[in-house]
Amino acid sequence: MTDTSGGDVRLTGISKTYGSFTAVHPLELTVPQGSFFALLGASGCGKTTTLRMIAGLEDPTTGTVFLGDKDVTDLPPYKRPVNTVFQSYALFPHLNVTENIAFGLRRRGIKSVKKQVDDMLELVQLGDFAHRKPHQLSGGQQQRVAVARALINHPQVLLLDEPLGALDLKLRRQMQLELKRIQTEVGITFIHVTHDQEEAMTMADTVAVMNGGRVEQLGAPADLYENPNTTFVANFLGTSNLIEAEVLEAGSDITVTASGAKLHLPAGRCSTSTPTRSGGKLLVGVRPEKISLAHADDAAKIPEGRNRITGRIADSSFIGVSTQYVIDSPVCPELEVYAQNIERDARLVPGAEVVLHWNPEHTFGLDAAQSMLAGTVGSAGTEEAA
Amino acid sequence: MTTLAETPPAAELPLRKPLLRRKLVPYWLLLPGIIWLLIFFALPMVYQASTSVQTGSLEKGFQVTWHFQTYWDAFKEYYPQFIRSLLYAGTATVLCLILGYPLAYLIAFKAGRWRNVVLILVIAPFFTSFLIRTLAWKTILADGGPVVHVLNTLHVLDVTSWLGWTEGSRVLATPMAVVCGLTYNFLPFMILPLYTSLERIDGRLHEAAGDLYATPATTFRKVTFPLSMPGVVSGTLLTFIPASGDYVNAELLGSTDQKMVGNVIQSQFLRVLDYPTAAALSFILMAIVLVMVTVYIRRAGTEDLV
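Just so you know, these numbers come straight off a predicted model, no measurement behind them.

K.L.:
What am I meant to see in the overall build of chain B here?
P.N.:
Looking only at helices and strands, chain B features 13 helices and two strands. The globule rule puts the C-alpha radius of gyration for 306 residues at 19 Å, and the 27 Å found for chain B is more than 25% above it. For chain B, the C-alpha atoms occupy an extent of roughly 100 × 65 × 35 Å along the three principal directions. Within chain B, buried positions represent 32% of all 306 residues.

Take a look at the structure:
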């Protein structure tokens with residue numbers, strides 16, 4: 001079924017409304033053939049609905065779904081060259097592993113399935129379990145059967161609906177790498193729905209961050225992480241320190257002031273809607289791992305040309321590879337700093353006066369006209385409907 | 001400093017014995033049911049078994065003489081009624097399945113918020129006595145009644161009469177009337193287990209089948225129906241077993257030509273007062289049903305009945 005040319009998935013103006021609730025706002029999305037694409041967002045953001053519309057399990061209210069050049073919007077699921085790995089797997093409990101995997105082939109009238117099933121069992125490393133029933137398998141094994149059952153059909157697109165959600169952390173990490181390996185091996189387009197930002201970034205070439213039924217930003221994981229366009233993306237993908245500031249000097253290097261502290265940031269790292277003329281308000285963002293901590297006594301040793309903020313350590317937690325500090329500063333009430341545990345300064349304990357400093361290149365700018373809390377845990381922004 | 005105290009080797013730790021009282025709990029829970037079954041099932045069975053091998057008469061009293069000939073004689077004389085019973089019960093079971101499956105499917109998957117209402121409607125007939133409901137069918141199927149009139153006008157009765165299910169322009173006192181009565185009376189016993197096993201099927205399995213190129217019809221054949229087998233098996237058993245021993249429907253809706261084995265047993269016990277024959281007939285019926293059910297369950301290959 002794999003088509004080598006023009007196998008992109010294209011959604012044009014696709015939307016879904018349930019009564020007065022809009023699950024997905026009109027959406028334009030192109031997933032290039034052979035890519036590993038992730039739809040990332042909190043629960044209720046419309047990512048699963050979008051996936052189900054591609055699978056044909058949900059009828060879009062408006063818009064068209066193209067697979068390659070073919071309009072499949074009105075095709076029932078069983079006529080679409082796509083297969084889904086369901087959340088909780090939906091394996092057929094009355095069939096053994098072999099028959100589960102062979103299900104799709106048999107429905108298409110293929111009689112001799114043994115060779116293909118064996119190959120697939122090998123790919124997912126389940127050769128010894130061919131005759132087990134699903135309930136005799138562990139969660140990870142069931143998950144692999146679900147992947148094999150979908151992949152054996154060589155679909156044009158493989159849809160994965162939070163397939164790792166039910167697994168424990170260690171197994172999840174292992175399956176992430178395994179899925180990535182399989183995707184590279186078979187070269188099929190994978191569209192992966194997840195609420196786990198780390199999972200999306202680990203596995204996907206391209207991530208679309210969804211919020212309230214809209215795609216907030218789309219790009220390569222590193223791009224999204226380094227250059228978020230909205231506070232939602234900045235907060236949902238990792239952690240961001242956001243500081244309200246006013247532009248002092250515009251130019252290719254913008255100087256801003258925030259509660260007396262002067263900070264610099266490159267104009268190229270400001271999102272398009274950010275006002276960069278002088279007097280404009282913006283949000284200055286910096287990732288916690290980009291910031292270095294120095295004890296106030298060592299302030300003089302900090303090299304010139306770095307952004308610096310003073311504060312006091314409010315809390316610190318040791319988590320092995322790093323130590324996470326919460327800093328109280330007049331500029332921003334709760335700044336987060338992640339310091340690698342390479343050389344630990346014994347003076348950096350709660351209560352200590354410190355200077356935070358970082359390379360201005362690592363600073364990004366966002367429009368101040370949006371909620372600073374969007375995308376943080378428990379914020380209303382993640383569940384926003386309208 | 002927090003320290004870990006060294007644990008003594010396992011062998012020195014005294015093993016805690018589970019309390020005897022706790023071990024006895026399952027038996028206490030079984031007791032009421034066991035006593036009930038003993039008094040009202042096991043003892044009467046033994047009594048009937050002994051009756052079936054007795055000889056004598058009402059005047060002189062009955063004696064256990066191990067007269068197994070009664071079984072053979074009873075079977076030889078009444079085998080047409082046995083065959084008829086199994087045929088009627090079997091037909092009624094098939095009809096119940098044909099009528100009940102779509103309804104159970106509807107309740108399980110399509111009824112939405114009407115689910116409970118429809119379920120109550122299924123059980124509603126139980127609010128009236130079995131006897132009254134069957135008597136009502138006598139009125140419904142009465143000669144010259146609207147049902148017979150419609151069937152006659154549509155020439156349905158010509159076909160059924162040709163098949164031997166009805167006679168002329170009558171429905172009452174024909175095999176069709178008895179089978180209809182049986183079907184009606186046992187339909188809920190088919191629907192409820194079917195519904196229970198259909199309702200337990202994860203709706204995502206239907207989606208998964210569709211996603212894997214199965215048309216809705218194939219999805220039903222390969223996923224839904226196999227997964228509902230426990231319901232099909234228990235539903236057919238709950239219909240077939242009581243229907244094969246039923247006598248009320250044949251008594252009220254049939255004539256002497258539609259007598260089932262239940263009617264024979266009833267009249268042997270209560271009218272002819274030939275207790276050994278009646279008891280032997282009961283045991284023969286039980287044996288036939290047991291054998292059929294065992295073969296059926298083996299063939300259906302169901303491990304767990306709902």
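On we go.
K.L.:
Quick question: what am I supposed to make of the overall build of chain A here?
P.N.:
For chain A, the helix and strand inventory stands at eight helices and 20 strands. Here chain A, with 386 residues, has 42% of them falling under the buried criterion. Counted over contacts in chain A with a minimum sequence separation of 6, partners at least 24 positions apart contribute 67%.

K.L.:
Is there a simple way to explain the interface of chain B and chain A in this structure?
P.N.:
How big an interface is tends to be stated in terms of accessible area lost as the parts join. Tallying the contact residues gives 15 residues for chain B and 16 residues for chain A. Sorting the residues of the side of chain B that touches chain A by element identifies helix H8 (203-211) and helix H9 (216-227) of chain B as the ones contributing at least two each. Considering every element that reaches the side of chain B that touches chain A, the biggest residue donor is H8 of chain B, with six residues.

K.L.:
Can you help me understand the UniProt feature "domain: ABC transporter" (unreviewed entry) in chain A in this one?
P.N.:
UniProt's entry tags residues 9-237 of chain A with the feature "domain: ABC transporter" (unreviewed entry), counted in the numbering of this structure. Helix makes up 35% of residues 9-237 of chain A and strand 27%, whereas the separation of the span's terminal C-alpha atoms amounts to 25 Å.

K.L.:
Sorry if this is basic, but what is going on with the UniProt feature "transmembrane region" (unreviewed entry) in chain B here?
P.N.:
All names here are of chain B. The sites that UniProt annotates as "transmembrane region" (unreviewed entry) are residues 25-47, 86-109, 116-136, 172-195 and 278-297. Secondary structure content for residues 86-109 is 100% helix and 0% strand, while the C-alpha to C-alpha distance between its ends is 33 Å. Taken as a whole, residues 278-297 contains 100% helix and 0% strand, while its terminal C-alpha atoms sit 28 Å from one another.

K.L.:
What is the right way to look at the environment of Asp328 of chain A in this model?
P.N.:
Residues and elements named next belong to chain A. Tracing the chain through its elements places Asp328 in strand E17 (residues 322-328). For Asp328, a count of 15 C-beta atoms within 10 Å translates into the label partly exposed. Put simply, Asp328 and Asp59 are 269 residues apart on the chain and 50 Å apart in space, counted from C-alpha to C-alpha.

K.L.:
Can you walk me through the domain arrangement of chain A in this structure?
P.N.:
Split by domain assignment, chain A resolves into domain 1 (9-226) and domain 2 (239-370). Each of domain 1 of chain A and domain 2 of chain A has a C-alpha centre, and these two points are 39 Å apart.

K.L.:
Before we go on, may I ask you to explain the sheet that holds strand E2 (residues 21-31) of chain A in this structure?
P.N.:
Note: strands within a sheet are paired through backbone hydrogen bonds, in either parallel or antiparallel orientation. Residues and elements named next belong to chain A. Strand order in this open sheet of four strands is E2-E1-E4-E5, and the pairing throughout is antiparallel. If you trace the sheet from one side to the other, it starts and ends with E2 and strand E5 (70-71), each paired once. Bridge analysis of strand E4 (residues 62-67) against E5 gives two bridges, and the strand direction is antiparallel. By the bridge assignment for E5, Phe66 is matched with Asp71.

K.L.:
It is not clear to me how H8 of chain B should be interpreted in this structure. Could you clarify?
P.N.:
Every α-helix winds through 3.6 residues per turn, so residues three or four apart in the chain are directed the same way. Burial in H8 of chain B covers these residues: Ala208, Ala209, Gly210 and Asp211 of chain B. Those residues of H8 of chain B that are buried are in contact with helix H1 (47-55) and strand E6 (82-85) of chain A together with H9 of chain B. The first or second residue beyond H8 of chain B is Tyr213 of chain B, which carries a positive phi of 70°.

K.L.:
It is not clear to me how the environment of Gly34 of chain A should be interpreted in this structure. Could you clarify?
P.N.:
All names here are of chain A. Looking at the secondary structure, you find Gly34 in the loop between E2 and strand E3 (36-40). For the pair Gly34 and Leu248, spaced 214 residues apart in sequence, the C-alpha separation works out to 46 Å. With residues near it in sequence (within four places) discarded, Gly34 still touches Gly187 and Thr189.

K.L.:
How should I be thinking about the sheet that holds strand E14 (residues 281-286) of chain A in this particular structure?
P.N.:
Residue and element names in this part refer to chain A. Read across the open sheet, the five strands follow the order E13-E12-E11-E14-E20; overall the sheet is antiparallel. In this open sheet, the two edge strands, each paired with only one partner strand, are strand E13 (261-266) and strand E20 (364-367). Going across the sheet, the axis of each strand differs from the next one's by a mean of 45°, ignoring polarity. In the sheet, E14 pairs with E20 via four bridges, with the strands oriented antiparallel. Bridging from a neighbouring strand, Val284 pairs with Gly365 of E20.

K.L.:
Honestly, the packing of helix H4 (residues 130-140) of chain B against helix H7 (residues 175-199) of chain B in this entry has me stumped. Any pointers?
P.N.:
All names here are of chain B. Relative to each other, H4 and H7 sit at 140°, their axes nearing to 10 Å. It follows from the interaxial angle that H4 and H7 lie oblique. Regarding H4 and H7, the two cross each other, and that crossing is right-handed. On the side of H4, the interface is formed by Phe130, Arg133, Thr134 and Trp137, while H7 contributes Cys180, Gly181, Tyr184 and Asn185.

K.L.:
Would you explain helix H2 (residues 69-110) of chain B in this entry?
P.N.:
If you look at H2 of chain B, its biggest bend is around 70°, right at Tyr78 of chain B, and the proline Pro80 of chain B turns up within four residues after that. Looking one or two residues beyond H2 of chain B, the residue adopting positive phi is Gly112 of chain B, at roughly 60°.

K.L.:
Just checking my understanding: could you explain the nonpolar core for this structure?
P.N.:
Burial of nonpolar side chains together is a common tendency in soluble globular proteins. In this structure, Ile54, Ile191 and Val209 of chain A are the most contacted members of the largest nonpolar core, which totals 106 residues. Top contributing element to this core by residue count: helix H4 (residues 139-151) of chain A, with six residues. In terms of domain composition, this core takes at least three residues from each of domain 1 (9-226) and domain 2 (239-370) of chain A. With residues up to four places along the chain from it excluded, the contact list for Val209 of chain A reads Leu40, Gly41, Val215, Glu216, Gln217, Leu224, Val233, Phe236 and Leu237 of chain A. One finds Ala92, Cys96, Tyr184 and Leu187 of chain B within the second-largest nonpolar core, a separate group that totals 51 residues.

K.L.:
Honestly, the UniProt feature "domain: ABC transmembrane type-1" (unreviewed entry) in chain B in this entry has me stumped. Any pointers?
P.N.:
Those places that UniProt annotates as "domain: ABC transmembrane type-1" (unreviewed entry) correspond, in this numbering, to residues 82-296 of chain B. End-to-end, the C-alpha atoms of residues 82-296 of chain B are 18 Å apart, and along that stretch the chain is 78% helix and 0% strand.

K.L.:
When you look at the confidence of the model for chain B in this model, what are you seeing that I'm missing?
P.N.:
Low pLDDT means the predicted atomic positions in that stretch should not be read closely. The pLDDT averaged across chain B works out to 90; a share of 94% of its residues lies at or above 70. Under the prediction, the complex receives an ipTM of 0.81, its pTM being 0.81.

K.L.:
Help me understand the packing of H2 of chain B against helix H12 (residues 261-272) of chain B in this model?
P.N.:
Two measures define how a pair of helices packs: the angle their axes make with one another and the distance between the axes. Residues and elements named next belong to chain B. Two numbers describe how H2 lies on H12: the axes approach to 8 Å, and their chain directions differ by 135°. Classified by the angle their axes make, H2 and H12 are oblique. Only Val261, Gly262 and Val264 of H12 make contact with H2, whose side of the interface consists of Tyr78, Gln81, Phe82 and Ser85. Residue composition of the contact of H2 with H12, grouped by class: four nonpolar, three polar and no charged.

K.L.:
So what exactly am I meant to see when it comes to unusual backbone geometry here?
P.N.:
A negative phi holds for most residues other than glycine; trans holds for most peptide bonds. All names here are of chain B. The backbone of Trp66 sits at a positive phi, close to 50°, despite the residue not being glycine. Along the chain, Trp66 falls in the loop between strand E2 (61-64) and H2. Of note in the backbone geometry, Leu273 takes a positive phi value of approximately 60° without being a glycine. Judged by the 12 C-beta atoms lying within 10 Å of it, Leu273 falls in the exposed class.

Parameters at a glance
All chains use their own residue numbering, which begins from 1 and follows the written sequence. Whichever chain is written first becomes A and whichever ligand is written first becomes 1, with later ones labelled in order. Since the coordinates come from a predicted model, pLDDT governs what is reported: local features require at least 70, and pairs of side-chain atoms require 80 or more to be given and counted, while whole-chain, interface and lining totals use all residues. The secondary structure listing takes helices from DSSP runs of H or I that are at least 4 residues long and strands from runs of E that are at least 2 residues long, numbered from the N terminus. Radius of gyration here uses only the C-alpha atoms, and the compact-globule reference equals 2.2 Å multiplied by the residue count raised to the power 0.38. Around each residue's C-beta, the other C-beta atoms within 10 Å are counted; 20 or more make the residue buried, 12 or fewer make it exposed, and counts in between make it partly exposed. All C-beta atoms are placed from the backbone. Residue pairs qualify as contacts under a 7 Å threshold applied to their C-beta atoms, which are placed from the backbone. UniProt positions are given in the numbering used here, feature names are shortened, and annotations may be inferred rather than shown by experiment. Each domain's extent is set by a domain assignment, obtained either automatically or from a database. Strands are labelled as partners when DSSP assigns at least two bridges between them. Helix axes use the C-alpha atoms of the stretch in contact, all axes being lines fitted to C-alpha atoms, and the angles between their N-to-C directions lie in the range 0 to 180 degrees. The labels follow the angle: roughly parallel below 35 degrees, roughly antiparallel above 145, roughly perpendicular from 65 to 115, and oblique for the rest. A clockwise turn of the near helix away from the far one marks a right-handed crossing, whereas an anticlockwise turn of less than a right angle marks a left-handed crossing. In this analysis the local bend is the angle between axes fitted, respectively, to the seven residues ending at and the seven residues starting at the residue. Among buried residues, those of type Ala, Val, Leu, Ile, Met, Phe, Trp, Tyr and Cys that are joined through C-beta atoms within 7 Å form a set called a nonpolar core. Note: pLDDT gives the predictor's confidence per residue, expressed from 0 to 100. In this count, Pro and Cys sit with the nonpolar residues alongside Ala, Val, Leu, Ile, Met, Phe, Trp and Tyr, while Asp, Glu, Lys and Arg are called charged and the others, Gly among them, polar.

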